[in-house]
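Coordinate inspection notes
Residues per chain are reported as follows:
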Amino acid sequence: MSSKVPKSKALEILRKRLSRISLLTYQSADSLEFKRWHKDTVHAIGKVFFPSMEEREEFEKIQFDDAAYIFGDDLDSQEQRKIFLRGLSEAKFMLNSLIERINDFWPQNQELSTLDRSSKEVDRRSISIFVVHGHDKEAKETVARFLQKHQLNVIILHERASKGRTIIEKIEENDDVGYAVVLLTPDDIGAPSDQPKNLRSRARQNVIFEFGYFISKLGRENVCALVVDDIEKPSDYDGVVYIRMDKADGWKLELMRELKSAGIDIDANKELDA
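Residues numbered from 1 in each chain as written. Predicted model: local features only at pLDDT ≥ 70, side-chain atom pairs only at ≥ 80, totals over all residues. Heavy atoms only, no water.

Closest axis-to-axis distance for the helix H3 (residues 32-49)/helix H6 (residues 77-105) pair is 13 Å, and the angle between their directions is 25°. Comparing their axes, H6 and H3 come out roughly parallel. Of the two elements, H3 crosses H6, and the hand of that crossing is left-handed. Taking contact as the criterion, the partners of Phe34, Trp37, Thr41, Ile45, Val48 and Phe49 in H3 are, on H6, Phe84, Leu88, Ala91, Leu95, Leu98, Arg101 and Ile102. The residue inventory of the contact of H3 with H6, partitioned by class, reads 11 nonpolar, one polar and one charged. (Axes fitted to C-alpha atoms, helices over the stretch in contact; angles between N-to-C directions. Helix = DSSP H or I, 4+ residues; strand = E, 2+ residues; numbered from the N terminus. Parallel < 35°, antiparallel > 145°, perpendicular 65-115°, else oblique. Left-handed = near helix turned anticlockwise from the far one by under 90°. Contact = heavy atoms within 4.5 Å. Nonpolar A, V, L, I, M, F, W, Y, C, P; charged D, E, K, R; others polar.)

Spelled out as structure tokens, the structure:
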């Protein structure tokens, strides 16, 4: 294969798009979330297999809606849904097939032509972790140093150039990551409007927003929340892993376990030997 994308990066890109399919079953072909996923997946396949366009064109042929419905005919909603779900099933099959092809036939030491580093170094740094944080600078620095120690590329939004963009535009510019770690720290205080005296510590609103953003972008299995102190946790994020950031540093091994479960190569012996 003539693609210039290294094997590990190609697998990361396609697996990320594959992991989103299960969440799309509750959407429809005209939903914004599906349209963004479809656009991202078309782009990803084109990038992975460039200069070949065969794979991208094959994916674009998958039907997620009915042409007759688009042009105004009254198609039963159940039929629309069947077409949409069948399209997702075909997309899942194709992405799995492409991943299997890369695993079987791409050379392990394939590299980006613009890099002069060894393939092993490229593989290590191909995984980027987005760290979402509030005002607790110490917690942010501790987590960032921990991840960097294991040679993972850490993305912290305020360290990235703004270039005149809004916050959400900066997030979208830097969201091509394999995993997100969210720091839920007691930065704000809030209470229900009917119980104004029932105050509880909360994470900042921007942190909760970005928390939900990355769950939608990466899937729940690729997002982990580190909780500092006794704070109110979001009630809608069932299935997301919460790890208490204890002073004894037990959180490090728990986080490493979650990263390994997500397919991120991380060496626990480095932490044990520290």
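From this point, things continue past the structure.
Once that is clear, we can look at the packing of helix H8 (residues 137-149) against helix H11 (residues 250-261). In the contact formed by H8 and H11, the axes pass within 12 Å of each other and the chain directions differ by 55°. Regarding the angle of H8 to H11, the classification is oblique. The way H8 lies across H11 gives a crossing that is right-handed. Between H8, through Thr142, Val143, Phe146 and Leu147, and H11, the contact on the second element is made entirely by Trp251, Lys252, Leu255, Met256 and Leu259.

Time to look at H6. Here H6 spans 42 Å end to end across 29 residues, near enough to the 42 Å set by a 1.5 Å rise per residue. Every buried residue of H6 is accounted for by Ile83, Phe84, Gly87, Leu88, Ala91, Met94, Leu95, Leu98, Ile99 and Ile102. If you follow the buried residues of H6, they end up packed against helix H1 (7-19), helix H2 (21-24), H3 and helix H4 (54-60). (Expected span 1.5 Å × (residues − 1). Buried < 20%, exposed > 50% of the residue type's maximum accessible area, 1.4 Å probe, protein only.)

This next bit is on the sheet that holds strand S1 (residues 128-132). Taken together, the five strands give an open sheet; going across it, the order is S2-S1-S3-S6-S7, and neighbouring strands pair in parallel fashion. Taken across any chain shown, the strands that pair with only one partner, and hence form the sheet edges, are strand S2 (153-155) and strand S7 (241-244). Across the sheet, the mean angle from the axis of one strand to that of its neighbour is 25°, orientation sign disregarded. In the sheet, strand S3 (residues 179-184) pairs with strand S6 (residues 223-227) via five bridges, with the strands oriented parallel. Bridged to Val182 within S6 is Ala225. H8 rests against S1, S2, S3 and S6 of the sheet, and its axis sits at about 155° to S3. Of the strands in this sheet, S1, S3, S6 and S7 touch H11, which is tilted by about 160° from S7. (Pairing = 2+ DSSP bridges.)

Moving on to H8. For H8, spanning 13 residues, the distance from its first C-alpha to its last is 18 Å, which sits close to the expected 18 Å at 1.5 Å a residue. Regarding H8, the residues found buried are Ala139, Lys140, Val143, Ala144, Phe146 and Leu147. The buried residues of H8 all sit within an arc of 160° when viewed along its axis, so they share a single face. Opposite the buried face of H8, by more than 90 degrees, sit the exposed residues Lys137, Glu138 and Arg145. Between the side-chain oxygen at the start of H8 and the backbone nitrogen of Glu138 there is a gap of 3.3 Å, and the oxygen is on Asp136. Gln151 sits one or two residues past H8 and shows a positive phi near 60°. (Arc of directions from axis to C-beta. Polar contact = N/O pair within 3.5 Å; in protein donor to acceptor, adjacent residues only side chain to side chain.)

Limitation: the analysis is restricted to geometry and does not speak to function.
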